[in-house]
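Analysis of the macromolecular model
Given next are the chains, with one letter for each unit.
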Amino acid sequence: MPPTFPASPTPASSPAPSALFSASLPSRDAVVAALRAAGCVFAEDEAALILTTARTAADLTALVGRRVGGLPLELVLGWAEFRGLRIAVAPGVFVPRRRTEFLVSEALAHAPHANVVVDLCCGSGAVGAALAAALDRPEVHAADVDPVAVRCARGNLADAGGRVYAGDLFDALPDALRGRVDILAANVPYVPTGEVALLPAEARDHEPLVALDGGTDGLDVLRRVAAAAPGWLAPGGCLLVETSERQAPDAVGAFTRAGLATRLAVCEELYAHVVIGVRD
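Residues numbered from 1 in each chain as written. Predicted model: local features only at pLDDT ≥ 70, side-chain atom pairs only at ≥ 80, totals over all residues. Heavy atoms only, no water.

Comments concerning the overall build of the protein chain
The condition that has to hold: Secondary structure elements are defined from DSSP: runs of H or I of at least 4 residues count as helices, runs of E of at least 2 residues count as strands, and each element is numbered from the N terminus. Note on classification: 1.4 Å probe, protein chains only; a residue is buried when its accessible area is under 20% of the maximum for its type, exposed when over 50%, partly exposed between these limits. Reported accessibility uses the Shrake-Rupley method at a 1.4 Å probe radius. Residues are deemed covered only where the shown protein chains occlude them. In this charge count, Lys and Arg are treated as positive and Asp and Glu as negative; neither His nor the chain ends contribute. Each charge is placed at NZ for Lys, CZ for Arg, CG for Asp and CD for Glu.
Scanning the protein chain from N- to C-terminus turns up 11 helices and 9 strands. Its C-alpha atoms put the protein chain at 65 × 40 × 30 Å along the principal axes. Within the protein chain, the proportion of its 280 residues that are buried is 54%. Of the roughly 11900 Å² of accessible surface on the protein chain, a fraction of 54% belongs to carbon and sulfur atoms. Of the charged side chains in the protein chain, 23 are positive and 32 negative; the average position of the first set lies 3 Å away from that of the second.

Here's the deal with the packing of helix α2 (residues 28–37) against helix α3 (residues 43–53)
A pair of packed helices is captured by two measures, namely the crossing angle of their axes and the spacing between those axes. Note the following rule: Simply put, an axis is a line fit to the C-alpha atoms, just over the touching stretch for a helix, and the angle between two N-to-C directions goes from 0 to 180 degrees. Each angle receives one of four descriptions, namely roughly parallel if under 35 degrees, roughly antiparallel if over 145, roughly perpendicular if within 65 to 115, and oblique otherwise. Crossings are classed by handedness, with left-handed meaning an anticlockwise turn of the near helix from the far one by less than a right angle and right-handed meaning a clockwise turn. Contacts are assigned to residue pairs that have any heavy atoms within 4.5 Å of one another.
Two elements in contact, α2 and α3, have axes separated by 9 Å at closest approach and are oriented at 125°. Looking at the two axes, α2 sits oblique to α3. The hand of the α2/α3 crossing is right-handed. On α3, the residues that touch R28, V31, V32, L35 and R36 of α2 are A43, E44, E46, A47, I50 and L51.

Considering the pattern of salt bridges
It is possible for side chains of opposite charge to pair when their charged atoms get near one another. The line we're drawing: Salt bridge, as used here, is a side-chain nitrogen of Lys or Arg placed within 4 Å of a carboxyl oxygen of Asp or Glu.
This model, assessed by the stated rule, comprises 17 salt bridges. With its nearest N and O atoms 3.6 Å apart, the salt bridge here joins R223 to D220. A residue pair is termed a helical-turn pair when its members lie 3 or 4 positions apart in one helix, as R223 and D220 do in helix α10 (residues 220–228) at 3 residues. Overall, the relative accessible area of 31% leaves R223 in the partly exposed class.

Points about the nonpolar core
Side chains that are nonpolar tend, in soluble globular proteins, to be buried together. Quick note on the threshold: For the purposes of this section, nonpolar cores are sets of buried Ala, Val, Leu, Ile, Met, Phe, Trp, Tyr and Cys residues that join through side-chain atoms within 4.5 Å.
Judged by nonpolar contacts, the single largest core of 35 residues is most densely connected at L131, I183 and L240. Elements represented by at least two residues in this core include exactly α6 (101–110), α7 (126–134), β4 (139–144), α8 (147–157), β6 (181–186), β7 (233–243), β8 (261–267) and β9 (272–278). Looking at this core element by element, the count peaks at 6 residues for α7. Beyond its immediate sequence surroundings of up to four residues, L131 is in contact with V104, A107, L108, V117, P138 and I183.

Focus on the pairing of strand β3 (residues 116–120)
A regular strand carries its side chains on alternate faces of the sheet. What counts here: Pairing between strands is defined by DSSP: at least two bridges between them are needed. Seen with the strands pointing away from the viewer, any crossover whose path from the first strand over the helix to the second strand runs clockwise is right-handed.
Taking burial as the measure, the 5 residues of β3 include 5 buried ones, the bulk of the element. Along β3, one buried face is formed by V116, V118 and L120 and the opposite face, lined by V117 and D119, is buried too. Relative to β4, β3 is paired through 5 bridges, and the arrangement is parallel. For V118, the partnering residue across the bridge sits in β4 and is H141. Where the polypeptide runs from β3 across α7 and back to β4, its parallel neighbour, the crossover connection is right-handed. Pairing geometry for β3 and β6, over 4 bridges, is parallel. Paired with V118 across the strands is L184, a residue of β6.

Observations regarding the layout of surface pockets
To keep things clear, this is the line we draw: Both site types are read off a 1 Å grid over the protein atoms alone. A 1.4 Å probe that fits but cannot get out defines a cavity, while an open set with protein on both sides within 12 Å along at least five of seven lines defines a pocket; lining residues have an atom within 4 Å of a point. Grid points are joined across faces, edges and corners, and a volume is the space filled by probe spheres set on the points. Note on residue categories: nonpolar means Ala, Val, Leu, Ile, Met, Phe, Trp, Tyr, Cys or Pro, charged means Asp, Glu, Lys or Arg, and polar means any other residue, Gly included.
Its volume calculated, the second largest pocket comes out at about 410 Å³. The set of elements that each furnish at least two residues to the lining of the second largest pocket consists of β3, α7, β4 and α10. Partitioning the lining of the second largest pocket into residue classes produces 20 nonpolar, 5 polar and 7 charged.

Comments concerning the sheet that holds β3
Spatially, the 7 strands line up as an open sheet ordered β5-β4-β3-β6-β7-β9-β8, and their pairing is mixed. In the strand order of this sheet, the two ends are held by β5 (163–166) and β8, each with one partner. Here the average twist between neighbouring strands, direction ignored, is 20°. Both β8 and β9 contribute to a ladder of 7 bridges, which runs antiparallel. Each residue of the ladder has a partner; that of V266, found in β9, is H273. In the packing of α7 onto the sheet, the strands contacted are β3, β4 and β6, and the crossing angle to β3 comes to about 160°. Strands β4 and β5 of the sheet are contacted by α8, whose axis makes an angle of about 175° with β5.

Notes on the environment of V181
Looking at the secondary structure, you find V181 in strand β6. Once the C-alpha coordinates of V181 and G231 are considered, the two residues, 50 residues apart in sequence, prove to be 9.5 Å apart. Beyond its immediate chain neighbours, meaning those up to four positions away, V181 contacts V116, V118, W232, L233, A234 and G237.

Topic: unusual backbone geometry
Trans peptide bonds make up most of the peptide bonds, and negative phi angles are found at most residues other than glycine. A positive phi angle, close to 55°, is found at C121, a residue other than glycine. Mapped onto the secondary structure, C121 falls in the loop between β3 and α7. A positive phi angle, near 50°, is found at Y271, a position not held by glycine. Along the polypeptide, Y271 turns up in the loop between β8 and β9.

Structural data, given as structure tokens:
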């Protein structure tokens, strides 16, 4: 999925953090200087987060060193903010994007009293956790094909009593969910295979290919989800999938062919495009 990371640091031309820090607790200005020298566009904001996270001077130096070395900020911190929640992330797990908050908002607008929620292609489980936090004690299920993501999502969904399964899309879900799902959120990969190499290094080098590569036109997984979704949705239940502006017409077509009442929701501020399909 096209990421929205700040510009990556350029470690080859950046001084080591230890060269900028004194032996005592590094100052905020020193942290900002190290990050700015590495090319971090939002050095002041990142410094504030890193300083809050670090427990000791040595820890702070290590955290800054990882960021200067090109590790995504969220992996440096060990968490990403998503709809006001701190979602734990780990190396090899897709980092939730702020853009995807729009998908959650659209789901809640359609089904504010949803009882059964499924977060498909869940990654860290951020979407499921956000829906659980906003709804009244829903039954939450999530699934991902990547075992690393499944472990991460289990931690993030534990407080909500969420159940997380490993497997390929609907094959991972228990049959008892068929026809019961009020919100089916699927944050599928949608980067065309030929464009994965063009992604920023923070996504290309640190996130799993399975969470990014959507096939030749980027819609392979979306089509599979749309085709099977009606059998899992409750009457009036909705399927929501994020896509790009360019892919939106074809994505809407896939939903329509599946027999879903379909519309496209757009948030210009977040540059977010969400296809929503409702089972009659």
